[in-house]
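Residue strings, one per chain:
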Amino acid sequence: MSQGLPEDPRMVIWFDIDNTLYSASTKISQAMGQRIHAYFVSMGLDEDEASDLHFKYYTQYGLALRGLARHHDIDPLDFDRKCDGTLPLEELIQPNPKLRRLFEDLDRTRVRIWALTNAYKNHANRVLTILNLHDQIEGVVFCDYENPNFTCKPEPEYYHNAMKEAGISDPSKCLFVDDSKQNVVAAKKLGWGRCAHFYEAGLEAMEGGKLKTLGQNGDIAASANGVVVINDLEELRTIWPDIFSK
């Protein structure tokens, strides 16, 4: 936001990218988990040590790389090249006309659309390009791997920085959709107005290198924190009808 200009009065809807703008059924999280595990092993850890540390860092920091960058002498950009950069995304995801219509139907007189990801800009832009959504999004807030001390979701500093980048000062005007319960609950605690946990019941997803099946009963814990749980992004039309033009 330029100094001296009034703040845009519209709300901002923030979308996570991975496992949110595409389904966990693509198994991209599994492919990514395998690459991250191989990276840990390449540091000299045995298989069990690599699995344990991968899960520990993911659980503790919300991103395995955050732990690696903090506690080990590694280059985050090298990690990005060997992990995110080698994912065969073009073979695993494709444009989704229904999802594009959802974005097109958002009322731009009421909301601005931003992406909020724990990935680096290269991966984020690559996914948005494949999904044919880049022109629908005003900006992308990503983890700056060029800075070894980068922040990520669910750290409060990351959300504060995101708001500054988007030029919005009122957290109650932030709407947020993410497949991570940890991330949406953190945003809710910071006062973000509306948060939705994208939870594909019955599907398998990998978190911290551990494969888990999402239960059929939904995420009760997220709901208890004032977060709405959705199984399909189309449900946004129902839970937040005021931000859609049709």
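Residues numbered from 1 in each chain as written. Predicted model: local features only at pLDDT ≥ 70, side-chain atom pairs only at ≥ 80, totals over all residues. Heavy atoms only, no water.

Sheets are built from strands that pair by backbone hydrogen bonding, the pairs being arranged parallel or antiparallel. Here 6 strands make up an open sheet; going across it, the order is β3-β2-β1-β4-β5-β8 and the pairing parallel. Two strands in the sheet have a free side with no partner beyond their single neighbour: β3 (139-141) and β8 (228-230). Strand after strand, the sheet turns through a mean of 25 degrees between neighbouring axes, direction not considered. Bridge analysis of strand β4 (residues 174-178) against strand β5 (residues 194-198) gives 4 bridges, and the strand direction is parallel. (Pairing = 2+ DSSP bridges. Helix = DSSP H or I, 4+ residues; strand = E, 2+ residues; numbered from the N terminus. Axes fitted to C-alpha atoms, helices over the stretch in contact; angles between N-to-C directions.)

A separate point is unusual backbone geometry. Omega for the peptide link from Lys 153 to Pro 154 comes to 10 degrees, which places this bond in the cis form. In this fold, Pro 154 is placed in the loop between β3 and α8 (156-166). Positive phi outside glycine occurs at Asn 19, with the angle close to 60 degrees. Considering the arrangement of structural elements, one finds Asn 19 in the loop between β1 (11-15) and α1 (28-42).

This paragraph deals with empty space enclosed by the protein. Scanning the model with the defined rule gives 1 cavity of 30 Å³ or more in all. The space that makes up the largest cavity amounts to roughly 650 Å³. In terms of lining, the largest cavity is formed by 34 residues, of which the most central are Asp 18, Met 32, Tyr 58, Leu 63 and Asn 118. Elements with a minimum of two residues in the lining of the largest cavity: α1, α2 (47-61), α3 (64-71), α9 (181-189) and β6 (204-207). Looking at the lining of the largest cavity element by element, the count peaks at 5 residues for α1. A breakdown of the residues in the lining of the largest cavity according to their chemical character gives 14 nonpolar, 13 polar and 7 charged. (1 Å grid on protein atoms, 1.4 Å probe; cavity = no way out; pocket = protein on both sides within 12 Å on 5 of 7 lines; lining within 4 Å. Points joined across faces, edges and corners; volume = space filled by probe spheres on them. Nonpolar A, V, L, I, M, F, W, Y, C, P; charged D, E, K, R; others polar.)

Of all 6 residues in strand β2 (residues 111-116), 6 are buried; the element is thus mostly enclosed. A two-sided burial pattern is seen for β2, the buried positions comprising Val 111, Ile 113 and Ala 115 on one face and Arg 112, Trp 114 and Leu 116 on the other. Relative to β2, β1 is paired through 5 bridges, and the arrangement is parallel. Across the sheet, residue Ile 13 finds its bridge partner in β2, namely Ile 113. In this structure, β2 lies alongside β3, joined through 3 bridges in parallel fashion. Its bridge partner lying in β3, Ala 115 is registered against Val 140. Traced from β2 through helix α7 (residues 121-130) to β3, the parallel crossover comes out right-handed. (Buried < 20%, exposed > 50% of the residue type's maximum accessible area, 1.4 Å probe, protein only. Right-handed = clockwise from strand over helix to strand, strands pointing away.)

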